[in-house]
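Each chain is listed here by its residues.
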Amino acid sequence: DGYFLEGEKNFASRKYSEGVNKVNEAIRLADSNPVYKLMLAINVYEMLIANKQISSENRFSLLRQAADNIISAKRNHYNKNRCDAVLSLIYFEMGRNDEAERIKKEVLGGDPVNISYRLSLTMHYTEANDLNSAKDQLEAVLGTNYNAMNVWSVAAYYYERTNNIEEAKKYCHKILAADPQNRYAAEFLIRHK
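Residues numbered from 1 in each chain as written. Predicted model: local features only at pLDDT ≥ 70, side-chain atom pairs only at ≥ 80, totals over all residues. Heavy atoms only, no water.

K.L.:
What is the right way to look at the packing of helix α3 (residues 34-50) against helix α5 (residues 80-94) in this model?
P.N.:
Angle between the axes and distance between the axes: these two values describe a pair of packed helices. Look at α3 against α5: their axes get within 11 Å of each other, and the N-to-C directions meet at 35°. Pair α3 / α5 crosses with left-handed handedness. Contacts between α3 and α5 involve Leu38, Met39, Ala41, Ile42, Tyr45 and Ile49 from the former and Arg82, Cys83, Val86, Leu89, Ile90 and Glu93 from the latter. Considering only residue class, the contact of α3 with α5 consists of 10 nonpolar, no polar and two charged. (Axes fitted to C-alpha atoms, helices over the stretch in contact; angles between N-to-C directions. Helix = DSSP H or I, 4+ residues; strand = E, 2+ residues; numbered from the N terminus. Left-handed = near helix turned anticlockwise from the far one by under 90°. Contact = heavy atoms within 4.5 Å. Nonpolar A, V, L, I, M, F, W, Y, C, P; charged D, E, K, R; others polar.)

What follows is the structure, encoded as structure tokens:
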């Protein structure tokens, strides 16, 4: 557990290489622990989403390792749906869209609300310029009336990308009401006075 917790701290501090090394050591010492494998895959996925400068060769290698960890974790993880949700996002990043879409249908069939997953899908589809699919996922989340910073942030980003500036402003105001120091929302509102 010590290696895992240290690795998680490293990921939180954006010391990604150290985080990967520490969590890999935890997995080596406790290979049957599915939580370590799932969390490593999630952290690697989030790191790659945040850092587009990583070479495509390294990116693909890390995604493949993350997918392998998910597949291994799924064997004895208590939440197989969560494992599949992360696996589908990884497959989207790898360009394995048919597999990712098939898994997505299974995940949403098992948990149609799944706000966190739908927000990740919204971001993926927005980045891929598949704005109709992004809209479907975002509307499913907004239809739940779930109000939280992550929902507002994704909504603001989606509406900015679709040039619906008034909707984006609405969500930026919500973000700033909860987090007055939020740079994205503040800078967006300055640019669109």
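K.L.:
What is the right way to read the environment of Ala85 from this model?
P.N.:
Summarising the element assignment, Ala85 is placed in helix α5. Classification of Ala85 by relative accessible area gives buried; the value is 8%. Once the C-alpha coordinates of Ala85 and Asp98 are considered, the two residues, 13 residues apart in sequence, prove to be 14 Å apart. For Ala85, the contacting residues outside a window of four places in its chain are Val107 and Tyr117. (Buried < 20%, exposed > 50% of the residue type's maximum accessible area, 1.4 Å probe, protein only.)

K.L.:
Any chance you could explain the side chain of Ser88 here in plain terms?
P.N.:
Structurally, Ser88 can be placed in helix α5. A distance of 2.9 Å separates the side chain of Ser88 from the backbone oxygen of Ala85, its partner in a polar contact. Excluding its chain neighbours within four sequence positions, the residues that come into contact with Ser88 are Ala100, Ile103, Lys104 and Tyr117. (Polar contact = N/O pair within 3.5 Å; in protein donor to acceptor, adjacent residues only side chain to side chain.)

K.L.:
Please clarify how the environment of Ser61 should be interpreted in this entry.
P.N.:
Tracing the backbone shows Ser61 in helix α4 (residues 56-74). The partly exposed category is assigned to Ser61, whose relative accessible area is 23%. Separated by 54 residues in sequence, Ser61 and Gly7 place their C-alpha atoms 20 Å apart.

K.L.:
I keep staring at the side chain of Asn43 and nothing clicks. Help me out?
P.N.:
By the element assignment, Asn43 lies in helix α3. For Asn43, a relative accessible area of 11% gives the class buried. The contacts of Asn43, once residues within four sequence positions are left out, are Glu8 and Phe11.

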